[in-house]
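Summary of structural features
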Amino acid sequence: MELFIDTANLNEIEEASTWGYIKGVTTNPSLIAKEGLTQEEVINKIVKLIDGPISAEVTCNNDVDLMLEQAHKLYEINKKNIVIKLPINEEGLKICHQLSKENIPTNLTLCFSANQALLAMEAGATYVSPFLGRLDDIGENSFQLIQEIVAIKRNYQYQTKIICASIRNPLHVKNSAVLGADIATVPYKILLKLKQHHLTDSGLVTFEKDALKTAQLNK
Ligand code: E4P
């Protein structure tokens, strides 16, 4: 399973780009708003930091013409890597279908049900993003949602990639991978936690001490 970073923070993206296992970036209007720059400024900077899919979200919702215009503008920033993020609603699905005919990649976001994911796949979405954390927050079951969407994809061999989003903890990442999602997009703080294990830390301390004993024999 690929890992993307879910942030618009340039320092976090720059740091994550050195790790070797971050393959893309997802942003949304709330993440962009934290950065004090325009969306175009942020996206222009991100494309210089990561050579992989970068989701940029269309914001002028409910007006198909305006949304399409914004989608094309965002895509022009970097045709190699920009992915147009669209809501799973009537307008978003229409635009998804149109952009797929133009070979412009799309990420259908705010997905909370298997049927929404099915529509995204049928409309030709490149990616669909089920939101795990927000679903668990309201007492629903993100584990089941991933299972259902993965099953639908496999039953009909859809090419749409499943990006698990709204990740709140390492368990969400593990569940995504175990159940067969293609990608998890993960906030910086959670990415840091993925490599942590207290037995790794204590084991390393022991190995270092023992290596020192052996090194002293060599003197
Ligand atoms: C990414 O594509 C989503 O916009 C993001 O993961 C949403 O996360 P949140 O539910 O923590 O806001």
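Before reading further, recall that the structure is shown in the block above.
Read on for an overview of the structure. On a predicted model such as this, the values are computed, not experimentally measured, just so you know.

1. Considering the packing of helix α6 (residues 114-122) against helix α8 (residues 142-156)
Relative to each other, α6 and α8 sit at 30°, their axes nearing to 9 Å. The angle between α6 and α8 falls in the class roughly parallel. Considering only the axes of α6 and α8, their crossing is right-handed. Together, A114, A117, L118 and M121 of α6 and L145, E148, I149, I152 and K153 of α8 make up the contact between the two elements. Taken together, the residues that form the contact of α6 with α8 break down as seven nonpolar, no polar and two charged.

2. Brief notes about the layout of surface pockets
If you add up the space inside the largest pocket, you get close to 450 Å³. The wall of the largest pocket is formed by 20 residues, among which D6, N28, L31, K34 and P187 lie closest to the centre. Those elements giving two or more residues to the lining of the largest pocket turn out to be α2 (29-33) and α10 (188-194).

3. Describing the environment of S176
Note on placement: S176 falls in helix α9 (residues 170-179). Taking C-alpha positions, S176 is 6.5 Å from C164, a pair spaced 12 residues apart along the chain. Leaving out residues up to four positions away in the same chain, S176 has contacts with M1, L132, I146, C164, I167, A181 and A184.

4. What to know about the packing of aromatic side chains
Across all of its chains, the model carries five aromatic pairs by this definition. Summarising the aromatic geometry, the rings of F4 and Y127 are spaced 6.5 Å apart at their centres and angled 70° between planes, so their arrangement reads as edge-to-face. Of this pair, F4 sits in strand β1 (residues 2-6) while Y127 sits in strand β6 (residues 127-130), and the two are 123 residues apart along the sequence. Overall, the relative accessible area of 10% leaves Y127 in the buried class.

5. Here's the deal with the sheet that holds strand β7 (residues 161-164)
Read around the closed barrel, the eight strands follow the order β1-β2-β3-β4-β5-β6-β7-β8; overall the barrel is parallel. Shown here is a sheet whose adjacent strand axes are inclined to one another by a mean of 25°, direction ignored. Along the sheet, helix α4 (residues 64-77) contacts β3 (54-57) and β4 (82-87); its crossing angle with β4, the most-contacted strand, is approximately 155°. Lying on the sheet, α6 is in contact with β5 (106-111), β6 and β7; it crosses β5 at an angle near 165°.

6. Considerations on the site of the ligand
Taken together, D6, T26, N28, K85, F131, R134, A165, S166 and R168 are the residues near the ligand. Residue N28 places a side-chain N or O atom 2.7 Å away from an oxygen atom belonging to the ligand. Measuring from an oxygen atom of the ligand, one finds a side-chain N or O atom of S166 at 2.6 Å. Notes on the ligand: free accessible area 340 Å², of which the protein chains cover 85%. Judged by the fraction of its atoms near the pocket grid, the ligand is located in the largest pocket.

About the criteria used
- Residues numbered from 1 in each chain as written.
- Predicted model: local features only at pLDDT ≥ 70, side-chain atom pairs only at ≥ 80, totals over all residues.
- Heavy atoms only, no water.
- Axes fitted to C-alpha atoms, helices over the stretch in contact; angles between N-to-C directions.
- Helix = DSSP H or I, 4+ residues; strand = E, 2+ residues; numbered from the N terminus.
- Parallel < 35°, antiparallel > 145°, perpendicular 65-115°, else oblique.
- Left-handed = near helix turned anticlockwise from the far one by under 90°.
- Contact = heavy atoms within 4.5 Å.
- Nonpolar A, V, L, I, M, F, W, Y, C, P; charged D, E, K, R; others polar.
- 1 Å grid on protein atoms, 1.4 Å probe; cavity = no way out; pocket = protein on both sides within 12 Å on 5 of 7 lines; lining within 4 Å.
- Points joined across faces, edges and corners; volume = space filled by probe spheres on them.
- Phe/Tyr/Trp six-rings, centres within 6.5 Å; stacked < 30°, edge-to-face > 60°.
- Buried < 20%, exposed > 50% of the residue type's maximum accessible area, 1.4 Å probe, protein only.
- Pairing = 2+ DSSP bridges.
- Near = heavy atom within 4 Å.
- Polar contact = N/O pair within 3.5 Å; in protein donor to acceptor, adjacent residues only side chain to side chain.
- Areas by Shrake-Rupley, 256 points an atom, 1.4 Å probe, with all protein chains shown as cover.
- Sits in = over half its atoms within 2 Å of the grid points.

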